[in-house]
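# Examination of the molecular architecture
What follows is each chain in one-letter form.
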There are 2 protein chains.
Amino acid sequence: MKIIVLGADGYLGWPTCMHLASLGNEVIAVDSYLKRKIAKETSSAPLVEMPGLPDRADAYFDLGRRGKIKVYEGDLADYEFMSKVMSEKPDAVIHYAEQPSGPYSMLGHKEAALTLHNNTGTTLNLIHAVLEHCPECHIIKLGTMGEYGTPNIDIEEGWIDITHNGRSDKFLFPRQAGSFYHTTKILDTDILWFYVRMKGLRVTDLMQGPVYSHFTDSMEGEEILGTHFWYDDLFGTALNRFVVQAVAGIPMTVYGKGGQTRGYLNLKDTMQCITLAAENPADQGELRIMNQFTEDFSANQLAEAVQRASKLVGIDAEIDHIANPRIEKEDHYYNAKLEKFMELGLKPHLLNDDVIVQMLEYVKKHKDRIDPSVVHPRVNWRR
Amino acid sequence: MKIIVLGADGYLGWPTCMHLASLGNEVIAVDSYLKRKIAKETSSAPLVEMPGLPDRADAYFDLGRRGKIKVYEGDLADYEFMSKVMSEKPDAVIHYAEQPSGPYSMLGHKEAALTLHNNTGTTLNLIHAVLEHCPECHIIKLGTMGEYGTPNIDIEEGWIDITHNGRSDKFLFPRQAGSFYHTTKILDTDILWFYVRMKGLRVTDLMQGPVYSHFTDSMEGEEILGTHFWYDDLFGTALNRFVVQAVAGIPMTVYGKGGQTRGYLNLKDTMQCITLAAENPADQGELRIMNQFTEDFSANQLAEAVQRASKLVGIDAEIDHIANPRIEKEDHYYNAKLEKFMELGLKPHLLNDDVIVQMLEYVKKHKDRIDPSVVHPRVNWRR
């Protein structure tokens, strides 16, 4: 298949490009480096900064890996560029090209406006470019489990049948998110659902939980092929941040009571899910929504798992319950369905000591690069 | 009260300014004339073109009407301007400032992108400007009954209690709209609900049906104080368009079978509802959603009502069922609740022959200004 990856420079983007290329697909990688720019502005940085896409693609090729990754650099929020990219008429397009930080979106008006216009604008541009060039192209859109929030009912996979006053209909599962960034993913789903109904697009919307780890099969131990490992309060996801705190000797910061439960997954399983989605496309005129995680953890459980694994490598990691900078339930019902990917054949890589130890070893190797000033939450939802 | 009306040059905006001023409120009218600009670009025009806001405000004052209307001209999608306007620290702000045409939003990418960025961007700007200057200000936002679409269940007022697998929670009523413009109103509701939860805003979101007629009490027969009467396929609502077709001797264009049912209201009742909402504000931290219409009609019923009233003024109006340019159900269940405004004291002006005859007389007076080329649908949802 010919597959375009939008947002190819990101934490998920680059491993996805390699993974799809290694399976024999023709891959086109696209990014504007918006995340790098935002990171610089907020003094955030990945543990190890990697070169830009052309150099990463060259390194992949030079190491003799399977396939070739073609690169486009430009701003997908600009329709002319998006249209040029999509004139490649791919079989599938994977849309990661969004500002991905909840805390960043809560900083102030400028950051909220950037998140709104970039994220929804890129989604709208993609839809129109697909309509213009390749209406049969399978759009695989990265949404988030965060769209659902933490409702007091079971979380279905995107849709729910409602019976009300004796009559019934099927609707999008109700959604209410915990950050403005997550809210823009709700808007994306609304926009996609509209155009699927009106124009018969073929769309898979993936409700993904927070991803952890740094390793994928196609990296095969070559650090030059590694993805950016983010650990700061803006771009770092919970488990990755905890591992860095453990290595740096900073107490792991659990927000509030720590009962906040989410569905998590290993980076390797993001690769698996994206591949399963691409190989089993949605139908024309279908908005297929799949939950993408493998197991639930509370923040406390994650911190305790890191504490336990740290002992194995001689680190005595502490846990600190700090005032919650976010507005969220710290103790709540959480039961999200995971059926569709299991039916497609997902084989989860579950979280265990080995996985965390591997992460600890990687971070230890780059311990001198850790900036402890960006780990503690810098954004408060109440201000 | 000090009340700011955003989108004050619009079909509803100008009558709202006069109405609120006539009740003794201090009114500030704001517009960028975006709708006039879009209308020019699409060869659409109101039946009679009125002067800009400063001249309309002067005319209101010169006629000795109660109060004074202060005018700001500028683009509310620009945060600096929005912030300047909201530094007036009003008690309430009425947000009409959106691109309001469904067919326009379906023309192509450019028009969809303008609708998305202008509408959601203005809403986000308003939220942040309220947070910056006047967090207790009551935001009265014009949504649309079109957000709900035509579900197979009763339409509640904004919220629904869902019981699922033995557990219950309260959610936003599920929404799926029939045009991209209407979809942006869904996005607005999502955005407002997020910031109400996080920042404790005070918001009323009005799910309004299509409005008809041209006359309000504060106009009192002075044409110079009249609102723009739109009748073209982009900006004209069904009943207004049918009246123009009847006068022009063009068959009334009912789309498809004509069973499309919506909740309609007289322009006078928009004035009443806005006033009732302003005088009975939502609580701090509440997203109050109220349905704003007075009676349901199918397209067929509206056309037949115009046909009947036309006979009374000697016009033999024809009805033509044309191929539906939209993608919508032409025969569906429709039962929308109307309780909250009735509890607040709404006294509906129902549709009858007198109301239609008054509209017919107004249009007859300006019959020579009708451009028959813009009445027939120019936008097809399928293209």
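Report on the accompanying structure.

We now examine empty space enclosed by the protein. Taken as a whole and assessed by the stated rule, the structure comprises five cavities of 30 Å³ or more. Estimates place the volume of the largest cavity at around 190 Å³. Lining the largest cavity are 18 residues, and of these Leu172(A), Pro174(A), Arg175(A), Pro174(B) and Arg175(B) lie nearest its centre. Looking at the lining of the largest cavity, the elements with two or more residues in it are strand 6 (159–164), strand 7 (167–172) and helix 7 (180–199) of chain A together with helix 7 (180–199) of chain B. In terms of residue count, the dominant contributor to the lining of the largest cavity is helix 7 of chain A (three residues). Residues that form the lining of the largest cavity fall into these classes: 13 nonpolar, one polar and four charged. Here the second largest cavity is characterised by a volume of approximately 50 Å³.

Attention shifts here to unusual backbone geometry. Residues and elements named next belong to chain A. Even without being a glycine, lysine 89 presents a positive backbone phi close to 50°. Within the fold, lysine 89 resides in the loop between helix 4 (79–86) and strand 4 (92–95). Phi angles above zero are rare outside glycine, and asparagine 165 is one such case at about 50°. Considering the arrangement of structural elements, one finds asparagine 165 in the loop between strand 6 and strand 7.

Within this structure, the stated rule accounts for 34 salt bridges over all chains. Of the charged contacts in the structure, one is a salt bridge between Arg36(A) and Glu49(A), with a shortest N-O distance of 3.5 Å. Here Glu49(A) lies in the loop between helix 2 (34–41) and helix 3 (53–62) and Arg36(A) lies in helix 2, a separation of 13 residues in the sequence. Measuring nitrogen to oxygen at the nearest pair gives 3.1 Å for the salt bridge that ties Asp188(B) to Lys141(B). One end of the pair, Asp188(B), is in helix 7; the other, Lys141(B), is in strand 5 (residues 138–142), and 47 residues separate them in sequence.

Rotating chain B by 180° and moving it 0.0 Å along the rotation axis overlays it on chain A with an RMSD of 0.0 Å. This pairing of chains is accounted for by a two-fold axis. The rotation axis passes nearest to the C-alpha of Leu187(B) in chain B, at a distance of 2.8 Å. A symmetric contact is evident, with 100% of the interface residues of chain B recurring at the interface of chain A.

With 49 residues of chain B at the contact, the number on the chain A side is 49 residues. Here chain B packs against chain A, burying approximately 4500 Å² in sum over the two surfaces, 63% of which is carbon and sulfur. On the surface where chain B and chain A come into contact, there are zero salt bridges. Taken together, chain B and chain A are joined by 21 residue pairs in polar contact (both at pLDDT 80 or more). Among the secondary structure elements, those contributing two or more residues to the side of chain B that touches chain A are helix 6 (109–133), strand 6 (159–164), strand 7 (167–172) and helix 7 of chain B. The element best represented in the side of chain B that touches chain A is helix 7 of chain B, accounting for 12 residues. Class assignment for the residues of the side of chain B that touches chain A results in 24 nonpolar, 15 polar and 10 charged.

The rules behind each value
Residues numbered from 1 in each chain as written. Chains lettered and ligands numbered in written order. Predicted model: local features only at pLDDT ≥ 70, side-chain atom pairs only at ≥ 80, totals over all residues. Heavy atoms only, no water. 1 Å grid on protein atoms, 1.4 Å probe; cavity = no way out; pocket = protein on both sides within 12 Å on 5 of 7 lines; lining within 4 Å. Points joined across faces, edges and corners; volume = space filled by probe spheres on them. Helix = DSSP H or I, 4+ residues; strand = E, 2+ residues; numbered from the N terminus. Nonpolar A, V, L, I, M, F, W, Y, C, P; charged D, E, K, R; others polar. Salt bridge = Lys/Arg side-chain N within 4 Å of Asp/Glu carboxyl O. Least-squares fit on C-alpha atoms with pLDDT ≥ 70 in both. Contact = heavy atoms within 4.5 Å. Buried area = accessible area lost by both parts, 1.4 Å probe. Polar contact = N/O pair within 3.5 Å; in protein donor to acceptor, adjacent residues only side chain to side chain.

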